[in-house]
Amino acid sequence: MKSMTSKKPPRLHWAKSSYSNGSGGECLEFAQAEAEIFIRDSKSIQRSTISIRTASWQVFIDSPLARQRAT
């Protein structure tokens, strides 16, 4: 995927999905920095992150699948 990179993010404020219930399930955390969204595994925060452009993240959030899961 052309818009995805793997690099060390700057100091960020991470947020968890509202679907995360803290019981150890599969969950991602995300943080925004300028024109990028950084994503990491909430159970392995010391591992690498991926980043995508903010515009690509918005396309994902606005997708029909994301809307379906939100209901």
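Starting from 1, residues in each chain are numbered consecutively following that chain's sequence as written. Local features in a predicted model are, by the rule used here, given only for residues with pLDDT of at least 70; side-chain atom pairs are given and counted only at 80 or more, and totals for whole chains, interfaces and linings are based on all residues. Only hydrogens and water are set aside; all other atoms, that is, all heavy atoms of the structure, feed into the side-chain values.

Caption draft 1: Seen up close, the nonpolar core. Nonpolar cores are built from buried Ala, Val, Leu, Ile, Met, Phe, Trp, Tyr and Cys residues. Side-chain atoms within 4.5 Å join them into one set. Only protein chains enter the calculation, and the probe is 1.4 Å; a residue is then buried if its accessible area is under 20% of its type maximum, exposed if over 50%, and partly exposed in between. Counting 5 residues, the largest nonpolar core is built from Leu12, Trp14, Ala31, Ala33 and Phe38. Here a residue-residue contact requires only that any non-hydrogen atoms of the pair lie within 4.5 Å. Leu12 has contacts with Ala31, Gln32, Ala33 and Phe38, leaving out every residue within four places of it along the chain.

Caption draft 2: Just the packing of aromatic side chains, in detail. Here a Phe, Tyr or Trp ring, Trp counted by its six-membered ring, pairs with any other such ring whose centre lies within 6.5 Å, and the pair is stacked when the planes are under 30 degrees apart, edge-to-face when over 60, and tilted otherwise. Within this structure, the stated rule accounts for 2 aromatic pairs. Taking the centre distance of 5.7 Å and the plane angle of 35° together, the rings of Phe30 and Trp57 count as tilted. Of this pair, Phe30 sits in strand E2 (residues 28-33) while Trp57 sits in helix H1 (residues 54-61), and the two are 27 residues apart along the sequence. Judged by its relative accessible area of 31%, Phe30 is partly exposed. Judged by its relative accessible area of 18%, Trp57 is buried. Through successive ring pairs, a cluster of aromatic residues spans Phe30, Trp57 and Phe60. For helices the rule is a DSSP run of H or I covering at least 4 residues; for strands it is a run of E covering at least 2, with both sets numbered from the N terminus onward.

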